[in-house]
Each structure stands twice: as C-alpha cells, then as structure tokens.
Amino acid sequence: MRQPFFEGVRNVYWKEGLVAPKENQEEVISKLIQGCIQEDRNSQKELYRHYYAYSIGICQRYAGNKIDAASIMNEGFFKVFKHIKKYDSRKPFTAWIGRIMTNAAIDYYRANLKFASNENIVDYDQAGSDEAIYEKLNYQDLLCMVQSLSPSYRTVFNLYAIEGYSHEEIAGMLHISVGTSKSNLFKARAKLMEMLKERDVSIDKNEIDKNLSE
Amino acid sequence: MEKKKLDELFREGLKNPEASYDEVHWIAMEEKLASNRKKRQGIIWLGSLSAAAAIILACLIIWWPTTRDTVVEVTEKKDSMTSKRAPVEKIIPPINDQVVKGSHIQKESRGALVAVPEKNNDHGAGRIEQVLAGIYKDTLKIHSTPDDFVGRRDGNLSLAPVYVANALLTGENTAPELKMPRKRTSAYLTILAAPDLTTVQGAGNPQLSRNMGVLYTLPLTHKLSISGGVLYARKNYNSPYSFYRPKVQRNYALTPSEVDAACDVLDVPIELSYQVYQKGATRIVVNGGASSYFMLREQYEFSYHTGDSYQDKQHINYEVNGKNNHPFGVANISATFEQQLNNKVSIGVRPFVKLPLTGVGYGRTKLESKGLAVSVSFKLGNKNTN
C-alpha cells in the first residue's frame, strides 16, 4: 500500500518540471472568484496566495510589524471571502482587495488607538526588522522607516502620501479633524526626513531616480 | 527636500512589496474561516432541528384526532365513574362526528356496531353503559382484531372502540393509559435512512454522506430500552492534510495540502434509549450510545500544491481495504420523535450527532457527523402483551 504512495510523490516532482499551459490571468482570477463564491476552500487558498504579496504589502505599511501586518491581512481576507458575492466584476479586483485591506488597516488603527500615543516620538530607530542591512534605500529600508512612525503619523502618511486620499477624506476615515490630519502628515514627513538623514543617504534626485528604476 | 519628492520616494519604493508567501498565515486564515463556518453551521443545524420539530408538530396535528379519540373514549369511561376531567366535554363534538362517520362504514359491514352512535348521543350515564356493555360484549370479538380496520376508510376508529370495549368489559378502573406504553414492551425493528453532514472536527467544509441500516430494539422497562444494529454508511469528508495523523508517519519531500476521502463504513451502534415524553401515539425518546466503525473501504485523494498557482494540482489516490476497525470509536447522541401509525408500525424522525472518541481510518481523523434520520419501526411478534 505504501509503495504507490511514494511513487506518486516522486511523480509530482517529475511533473513539476513540465510547463503547464498558462491560462489568461484574468480568467484564472475570475474562476477563483467563482470558487470563492461557492466557498470552495481550495479556491480561497489560491486567491489568498495570489494576492498575498500585494495585500501584505499594503498591511505592512500600516502595521508596526510583520505579525500585526499578517493579522490585518487575514482580517482583510476574511472580509474579502465574506463579501466576495458583492464584488462587481466590471471593476478591477486588485483595487477592490486593496480598498478592503486599507479599511482593515484603518479598523486596526482605530482598535489600537487607545494603546498608541500620538505625540510620542520615541526612539524608533531599531524598530522593524533587525537583520536589515541598510546599504541603500530598498523596499525594506523604506518599510522599516514607515513602520517606525507612530501609528497615527503612519496611518495619515500612508493614506495621504501613498494612497492619495485628501485630508478631508482622511479626517472622515480616522475620525480626526482636518487640522490633526495635516499636522500628523507634517510630523510624519519631518520624522521620515530625519531618519533618511540619519541613514546618511543623500536623497538627491539621482538617488530617487535610481530607486524608481529598480 | 520637498514634500513631494519624499512622498514619491516612499510611494514608488513601497509599490512592489517584497513578501514571500508564508503558509503559516494561510493556516491562521483557514482556522478563522473554519471557526466562522462552524458558527454558521450551528445556525444551520439549529435550523434543521427546528424544521424537524415543525414536521413532528405537523404530524401531531394531522394525527391528533387519533390520539384524542383514544384519550376521550378512555376518559369518558372514567367520567361515568369519577368524572374527573371536565375539559373532555369540550372535545366531544368532533368525536361524535367521527364516530358517526365511522359507524356508517361499519353499518355497511357489521351490524353489531349500530350501537356506537347511540352511546355518544346520550353522553354516558350508567344505564347506557350497561346497555353498551351488553352490545360491546358481542362486538368486542369482532373488534378485537383491530388491525382489520387499519387501512380502511377510517383508521381512526380502530383504536377507539377497543379501549372502550376493554374498559367496559373489565368494568374496573384499570387505568387504560397503562396499556399504551405496554404495547411498546415488545421488541421492534427499525429501518433507518439518514443523510448527514460529515466533517473532520475543526476542518469545516462538511460533505453530505448517507447512512442506511436496521436497528433492533429490546425494551427493558416501560421507558428504558436497549438497541443495537448495523448501518452502512458512505462517509465523504474533506480536510487539509494537517488534520491527518497516520499511524506510520512518513517524511515526504512534499506534503499533501488537501485530502478528499470517501469511506464505506459499517457502523454498529449500541445504544440505550429513554422515553422522555409520551402522549397518545406520539413519543419522544432520547438515545445515547457508541458505535463501532468498521472501515470496509477507504479511498483518499491527496492533493499537492505544486507552488505554481496556474498549474493544476497534482492528485494521488490511496486506498485501504478493511484495515481499520474502531470498536466504540464514535459516540452517538440522538432523539427520536415517533408517531405510531397503528399497532404495528410507527414512523419517526431522529436528529443525531456522532462525535469522535478516537481517530478514524488511515488518517486517524476525528470524524464528526450530524444528520437527520427518517425511520420506520415494525413491532415484532404478533402477540398482544396486554
């Protein structure tokens, strides 16, 4: 009984080398969405895998660390699976998931508001990934800087600078005043600037361009 | 540096996140989904239970005249002696109706029964009872094979005259109610058919499975009985491989992610039943016991993720025949709502749960089933135990 089992496993390995005919990505996604509507666990997993990097990328910016980012992401995916029937297939699915992730992050921010102090800019320099090597401004460097901001600065900076919401919108989302939103953004930028200088990285145009081209 | 450049630096720099897929996060996600499903299943389960209750209620209403008939006839007899129950009189009119209707049928077939409406019209004084006693003595012989009536135009009537006749004949206060439970004192055979939802405990994703079999019930006392039987079940269940704990652990280069199972199982239950409620021909019995599972055939389909989301998953089939037996591996809890149709046959519905005591099958999985059985019971032996 056991032999065929092993053989089978070997088969999988062998087959892995074969190139499977790749379907049109959109088609795959819409198939997965159909599966998720049927609450098929495999489709859910596939969708999760497919949007994992994108989603955790959003959540990491809002969270202070990877664990929180993952729990925000799962909260987001939970909503995705729960409300997937309401998704309008004419609109881009990525944007839909992105919106849900952002909202999950805002919920997380609100829920953790009482534990976070607004004004305290403690020494966040060592926050984030420990083993990061700061040689140049790569994704991890930038993420680490954003993560080291206090939650209220981080959230406003994310919403305004990265996602492009207006101060009025942010004020509504976070239940704060427009003034607070503006001042938080100002402080967030100041703090980031400070960190960039500390890293002793010259941020002239070339550097930025280099980053952009990466 | 200008604000815009700073914003842009972060916006562009954070555009393409570097994050490799972490299975741990999916496991957490899966648990989250499973617990949610469990909650919802609870609601569905509750729903089906209440649906079952509604069916039973409907049955009660449909068959209520039968029940009332017997009760009233019985109490009417009492009336003449002790007149204990007042509300009975209110129920009398419909009975009049029925008996009269019934008497028509009987008129056609048996002359001896003409007396029936008479009795009802006069509403029992001792005098009539005497008259009746005389008449019933004759009719009793015909009536004492009430089964003859069943299946005729008015089955309702079959029970009623017997009791009156019995009561009148004996002329004592031999609480006739006792005779109802006594009927149960003979053993009976139950045929069950049951769909159920089977799942590996905690994995969610229940699959429809079917069960069929027979139960033999032997009464111990009026309320207590013991039963045993054999059920054939085809259990379908689907779970992540993480729920599998095979006896022989092997290290694979690749661990299966998902397992689809279809097992032919011989389910041998032994259970103790206690009758918690009875009125007329309706009764409710709670059953508790354990089942032994004999795995006749286990078919598993292991799915492997190849890492490429666009590539089809790899499947491997695995089959075990008759290797795994689990004596008393599963606990049974159920309730039977039963309605007696006639002296020999009753029908019932039985919501049940089967909870794992041990792991079942090759994967030692904790199999859990919830379902609703429909049953038909036949009384064994023709002797009347009165």
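For the structure itself, look to the data block above.
Residues numbered from 1 in each chain as written. Chains lettered and ligands numbered in written order. Predicted model: local features only at pLDDT ≥ 70, side-chain atom pairs only at ≥ 80, totals over all residues. Heavy atoms only, no water.

Trainee: Sorry if this is basic, but what is going on with the overall build of chain B here?
Mentor: Regarding its fold elements, chain B presents seven helices and nine strands. For chain B, with 386 residues in total, the buried portion stands at 47%. Residue pairs in contact within chain B that sit at least 24 positions apart in sequence constitute 67% of those at least 6 positions apart. When the accessible surface of chain B is summed, it comes to about 18,500 Å², and 59% of that surface belongs to carbon and sulfur atoms. (Helix = DSSP H or I, 4+ residues; strand = E, 2+ residues; numbered from the N terminus. Buried < 20%, exposed > 50% of the residue type's maximum accessible area, 1.4 Å probe, protein only. Contact = heavy atoms within 4.5 Å. Areas by Shrake-Rupley, 256 points an atom, 1.4 Å probe, with all protein chains shown as cover.)

Trainee: How do you make sense of the nonpolar core when you look at a structure like this?
Mentor: A general feature of soluble globular proteins is that nonpolar side chains tend to end up buried together. Ranked by size, the top nonpolar core spans 64 residues in total, and within it L47, F77, V80, F81, F93 and F157 of chain A together with F10 of chain B carry the most contacts. Among the elements that line this core, the one with the most residues is helix α6 (residues 93–111) of chain A, at nine residues. Setting aside anything within four residues of it in sequence, one finds F81 of chain A in contact with C36, Q44, L47 and Y48 of chain A together with W26, M29 and L33 of chain B. Among the nonpolar cores identified, the runner-up in size contains 22 residues, and V200, Y293, Y318 and L367 of chain B belong to it. (Core = buried A, V, L, I, M, F, W, Y, C linked by side-chain atoms within 4.5 Å.)

Trainee: Can you walk me through the pattern of salt bridges in this structure?
Mentor: Where charged atoms from two side chains of opposite charge approach closely, those side chains can pair. If you walk through the whole model with that rule in mind, you get 18 salt bridges over all chains. R41 of chain A is the salt-bridge partner of E30 of chain B, the closest N and O atoms lying 4.0 Å from each other. A residue pair is termed interchain when its members come from two chains, as with E30 of chain B in helix α2 (residues 23–81) and R41 of chain A in helix α3 (residues 41–50). Considered together, E30 of chain B and R41 of chain A belong to a single accessibility category, that of buried residues. Between K354 of chain B and D267 of chain B there is a salt bridge, and its shortest N-O distance comes to 2.7 Å. Of the two residues, K354 of chain B is situated in strand β8 (residues 345–356) and D267 of chain B in strand β4 (residues 258–279); the sequence distance between them amounts to 87 residues. We note that K354 of chain B, like D267 of chain B, is buried. (Salt bridge = Lys/Arg side-chain N within 4 Å of Asp/Glu carboxyl O.)

Trainee: Which parts of the structure should I look at to understand α3 of chain A?
Mentor: Note on helix geometry: an α-helix contains 3.6 residues per turn, so any two residues three or four positions apart are oriented the same way. Along α3 of chain A, nine of the 10 residues are buried, which leaves the element largely enclosed by surrounding structure. Looking at α3 of chain A, one finds that the buried residues are R41, N42, S43, Q44, K45, E46, L47, Y48 and R49 of chain A.

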